[in-house]
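Structural features, examined
One-letter residues, chain by chain:
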Amino acid sequence: QVQLVESGGGLVRAGGSLTLSCAASGRPYRGAWFRQAPGKEREFVAAITWSGGITYYADSVKGRFTISRDNARITLYLQMNSLKPEDTANYYCAAQFSFNYAYSDVRQYDYWGQGTQVTVSS
């Protein structure tokens, strides 16, 4: 059973930065971050293929967030800069362990972390 353990959430002022981490117990085909605000559906934030490092971003975070991975530590990161109050959500890391075209579909991910809260104050 693969485990994903997240860390790094917290409270930050608008314009600030946070880095989220997600340690995996196995090397995935693709890692991703999703987020879910109260009363809203879980939405795609960013994804990265583990071997090639190909990245994908939601339009709402492009240019502000950076997804990366550490192969040796099997850890996924999300560097979040220029944070806005609308970025407030519970952030989840997710992993696919086989080839899949669907990088932004929440239903196509096999494993999920427990979530970490990010709150951006105005």
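Up top you'll find the structure we're talking about.
Worth saying up front: this structure is predicted, and the values here are computed from it rather than measured.

Once that is clear, we can look at the packing of aromatic side chains. For any two aromatic rings, the description comes down to two numbers: the centre-to-centre distance and the angle of the planes. One pass over the full model with this rule turns up 9 aromatic pairs. Ring geometry for Y29 and F99: centres 5.6 Å apart, planes at 70°, overall edge-to-face. One end of the pair, Y29, is in the loop between β3 (18-24) and β4 (30-36); the other, F99, is in the loop between β9 (89-96) and β10 (111-112), with 70 residues separating them in the sequence. On the basis of relative accessible area, Y29 is assigned to the partly exposed category, the value being 23%.

Applying the stated criterion to the full structure yields 1 disulfide. Two residues share a disulfide in this structure: C22 and C93, whose sulfurs sit 2.1 Å from each other. Taking the sign of the S-S torsion, 50° for the link of C22 and C93, the bridge is right-handed. Of this pair, C22 sits in strand β3 while C93 sits in strand β9; the two residues are 71 residues apart in sequence, bridging distant segments of the chain. The exposure class of C93 is buried, given its relative accessible area of 0%.

Tallying each qualifying case throughout the model produces 5 salt bridges. Residues D87 and R35 are paired through a salt bridge, measuring 2.9 Å at the closest nitrogen-oxygen approach. With D87 in the loop between β8 (75-80) and β9 and R35 in strand β4, the pair connects residues that are 52 residues apart, well separated along the chain. Given the relative accessible area of 6%, R35 is considered buried. In this structure, the salt-bridge partner of R107 is D105, at a minimum N-O distance of 3.1 Å. Taken together, the salt bridges that share partners define one network made up of R35, E43, R64 and D87.

Core analysis: the largest hydrophobic core is formed by 34 residues, its most contacted members being W33, V45, F65, L76, L78, M80 and Y91. Those elements that provide at least two residues to this core are β3, β4, β5 (43-49), β7 (65-70), β8, β9 and β11 (116-121). In this structure, L76 is in contact with L20, S21, C22, G31, A32, W33, I48, W50, I67, S68, R69 and C93, ignoring residues within four places of it in sequence.

Turning next to the side chain of D105. In this fold, D105 is placed in the loop between β9 and β10. Within the local environment of D105, its side chain forms a polar contact with the backbone nitrogen of R107, the two atoms lying 2.9 Å apart.

A few words now on empty space enclosed by the protein. Regions of empty space are outlined by a rolling probe, equal in size to a water molecule, passed over the atoms. Overall, the coordinates contain 1 cavity of 30 Å³ or more when judged by the stated rule. Taken as a whole, the largest cavity holds about 50 Å³ of empty space. What lines the largest cavity is L4, C22, A24, P28, G31, W50, I74, T75, L76, A94 and A95. Its residues placed into classes, the lining of the largest cavity shows 9 nonpolar, 2 polar and no charged.

What follows deals with the pairing of β9. Of all 8 residues in β9, 8 are buried; the element is thus mostly enclosed. Alignment of β4 against β9, held across 7 bridges, turns out to be antiparallel. Counterpart to R35 in the pairing with β9 is Y91. Sheet topology places β9 next to β11; 3 bridges connect them, and they run antiparallel. Bridging across to β11, Y91 finds its partner in T116.

Cut-offs and rules
Residues numbered from 1 in each chain as written. Predicted model: local features only at pLDDT ≥ 70, side-chain atom pairs only at ≥ 80, totals over all residues. Heavy atoms only, no water. Phe/Tyr/Trp six-rings, centres within 6.5 Å; stacked < 30°, edge-to-face > 60°. Helix = DSSP H or I, 4+ residues; strand = E, 2+ residues; numbered from the N terminus. Buried < 20%, exposed > 50% of the residue type's maximum accessible area, 1.4 Å probe, protein only. Disulfide = S-S within 2.5 Å. Salt bridge = Lys/Arg side-chain N within 4 Å of Asp/Glu carboxyl O. Core = buried A, V, L, I, M, F, W, Y, C linked by side-chain atoms within 4.5 Å. Contact = heavy atoms within 4.5 Å. Polar contact = N/O pair within 3.5 Å; in protein donor to acceptor, adjacent residues only side chain to side chain. 1 Å grid on protein atoms, 1.4 Å probe; cavity = no way out; pocket = protein on both sides within 12 Å on 5 of 7 lines; lining within 4 Å. Points joined across faces, edges and corners; volume = space filled by probe spheres on them. Nonpolar A, V, L, I, M, F, W, Y, C, P; charged D, E, K, R; others polar. Pairing = 2+ DSSP bridges.

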